[in-house]
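Descriptive structure summary
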Amino acid sequence: GLSGRLGDVLEKLRGKGSITQDDVNAAMREVRIALLEADVALPVVKDFVNTVKERAVGQEVIKSVTPGQMVIKIVHDALVEMLSGRIGSQVEDEEDDAEARKRDRVAESLNLNATPPVPILMVGLQGSGKTTTSAKIGLRLKSAMRKKVLMASLDVQRPAAQHQLAVLGEQTGVDTLPIIMGQQPVQIARRALDEGRKGGYDVVILDTAGRLAIDEELMEEVAEVRKVTNPAETLLVTDAMIGQDAVTVATEFNDKVGISGIVLTRVDGDARGGAALSMRAITGRPIKLMGVGEKMDALEEFQADRIAGRILGMGDVVSLVEKAAQSIQMDEAEKIARRMEKGKFDLEDLLSQLRQVRRMGDIKGLLGLMPGVAKMKKQIDAANIDDSMIKRQEAVILSMTLRERRHPEIIKASRKKRIAAGAGTTVPEVNKLLKQHQQMAMMMKKMKKMGGMKGMAERMG
Ligand code: GDP
Ligand code: MG
């Protein structure tokens, strides 16, 4: 069985045991209210709460937080996951090289994979921010990606609408299609694409007219424009303050026009932003961008964690749990680092490392916490470690006795056979793990000679 150091570590991680059904029910009452107050649609709240309930029961509670706090953190992570459509969003956040920061996430959120001029269609209710966002996108594509962009207003509803886009075009230095009064939206769209081809434009942004509420005429008009122009992106622009109407608006536009993504505007306001969750859940379309002000540069890549935090409104609890989890990882990382500095690295150390890697879902996370190791990240990336492989390796070590783990050199043929059988694998797999451990242990010894982790990192840098 498990004993000694490893046992202590597991005990620490387990903290108050695991989350019970009662813990979940109690915390979920709060979560439900929070989501409804944030204007998340009721059916979406119900679905979400049920999914998370199932996921939370039985999970471990880490030291120094309550089961209720743990549930809130699980809810938060599930929210981020759902809003982003990705699992393990913190992996993405780890990507903090200067390179990644320099890249333009706004421009990269858009799909421009089509023959130029690539049409982008902006749709949504009146006042949602379509015209403003069109110009913001135009400016960004021009400045960050050096795209040649043409914008055209198809809004023949309001006399001043086409003029509004022309003014924004001048302000941002993005070309706009000359206005010809009396043309209908489809005609204007065709003319824009024509002009786009002739003028050698990369992208043509089509800004449509909205209405105060959904109506058939609007839907038909926009659907027709979409059919004629075949856009690479059809972006539904909605105001973060839209509230419960989000469901109808998103459903209608998605069913009758077809959308490829959502832009959430007025995120700079104080709406909790529950509409984002509703729209994401109902349409299954990604929220790509968010507007964070009236200025032309106030456009950002959608940040799921930021919106999740606002929707749930329990940021204090979430960061408390994150800090607690981090300090445990830190303790453990330091322990391993201390042993490594001594040049010691047995199979128990390897096991404990494998577990940590798996728990954090990302080896970069662990290494990032260790002093002086950040520079090794690239090599670790290249090693391409996956979860199922780690689980298989864990199983092999778990089939060994403590003595075998501490003194791998005693593991000869018959022991290997027993271990392989116990782990449901083959002797070559056991050999592979032992060899890998040998190499790591050897590296540790070398590192000790070179003056420990810090010395080594400095040499490599
Ligand atoms: P449209 O009718 O959908 O074309 O909406 P407009 O683009 O004309 O925007 C309506 C109003 O919302 C304008 O006053 C914009 O300046 C404002 N607006 C648009 N996006 C944002 C945003 O992200 N934040 C803030 N604070 N205001 C915005
Ligand atoms: Mg407009």
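Since this is a predicted model, take the numbers as computed values, not measurements.

A short note on the overall build of the chain
Summing up its helical and strand segments, the chain has 23 helices and eight strands in all. Considering only intrachain contacts with a sequence separation of at least 6, the fraction spanning at least 24 residues in the chain is 78%.

Concerning the sheet that holds strand β7 (residues 287-291)
Strand order in the open sheet formed by eight strands is β3-β2-β4-β1-β5-β6-β7-β8, with mixed pairing between adjacent strands. Across the chains shown, the open sheet's two edge strands, defined by having one partner strand only, are β3 (175-176) and β8 (299-301). Relative to strand β4 (residues 203-207), strand β2 (residues 149-153) runs parallel, the two being bridged by five bridges. Residue pairing across strands places Ser153 opposite Asp207, the latter belonging to β4.

A short note on the site of ligand 1
Residues in contact with ligand 1 amount to 18 residues; listed here are only the nearest, Gly129, Lys130, Thr131, Thr132 and Gly291. For the shell around ligand 1, the element with the highest residue contribution is helix α8 (residues 130-145), accounting for three residues. Tallied by class, the residues present in the shell around ligand 1 amount to three nonpolar, 11 polar and four charged.

Some remarks on the UniProt feature "domain: SRP54-type proteins GTP-binding" (unreviewed entry) in the chain
UniProt records the feature "domain: SRP54-type proteins GTP-binding" (unreviewed entry) at residues 286-299, using the numbering of this structure. Secondary structure content for residues 286-299 is 0% helix and 43% strand, and the end C-alpha separation is 16 Å.

Concerning helix α14 (residues 304-312)
Residues of α14 that are buried include every one of Ala304, Ile307, Ala308, Ile311 and Leu312, and no others. The buried residues of α14 occupy one face: seen down the axis, they fall within an arc of 125°. At the exit of α14 stands Gly313, carrying a positive phi of roughly 65°.

Some details on the confidence of the model for the chain
Within the chain, residue pLDDT values average 84, and 84% of them lie at 70 or more. Contacts of residues 361-375 to residues separated by more than four positions or lying in other chains number 39 contacts, the stretch itself having pLDDT below 50.

Describing the nonpolar core
Here is a general trend for soluble globular proteins: nonpolar side chains tend to be buried in one another's company. Ranked by size, the top nonpolar core spans 94 residues in total, and within it Leu83 and Leu206 carry the most contacts. At nine residues, helix α4 (residues 67-84) tops the list of elements feeding residues into this core. Contacts of Leu83, omitting those with residues within four sequence positions, involve Ala276, Leu277, Arg280, Ile287, Ala304, Ile307 and Ala308. Counting residues in hydrophobic clusters, the runner-up holds 11 residues, among them Met400, Ile419, Ala423 and Leu433.

With respect to the packing of α8 against helix α9 (residues 161-172)
The interhelical angle for the contact between α8 and α9, taken along N-to-C directions, is 25°, at an axis separation of 10 Å. As judged from the angle between their axes, α8 and α9 are roughly parallel. Considering the relative orientation of α8 and α9, their crossing is right-handed. Contacts between α8 and α9 involve Thr131, Ser134, Ala135, Gly138 and Leu139 on the former and, on the latter, Ala161, Gln164, Leu165, Leu168, Gly169 and Thr172.

Thresholds, definitions, all that
- Residues numbered from 1 in each chain as written.
- Chains lettered and ligands numbered in written order.
- Predicted model: local features only at pLDDT ≥ 70, side-chain atom pairs only at ≥ 80, totals over all residues.
- Helix = DSSP H or I, 4+ residues; strand = E, 2+ residues; numbered from the N terminus.
- Contact = placed C-beta atoms within 7 Å.
- Pairing = 2+ DSSP bridges.
- Near = placed C-beta within 6 Å.
- Nonpolar A, V, L, I, M, F, W, Y, C, P; charged D, E, K, R; others polar.
- UniProt positions renumbered as here; feature names shortened; annotations may be inferred.
- Buried ≥ 20, exposed ≤ 12 C-beta atoms within 10 Å, placed from the backbone.
- Arc of directions from axis to C-beta.
- pLDDT = per-residue confidence, 0-100.
- Core = buried A, V, L, I, M, F, W, Y, C linked by C-beta atoms within 7 Å.
- Axes fitted to C-alpha atoms, helices over the stretch in contact; angles between N-to-C directions.
- Parallel < 35°, antiparallel > 145°, perpendicular 65-115°, else oblique.
- Left-handed = near helix turned anticlockwise from the far one by under 90°.

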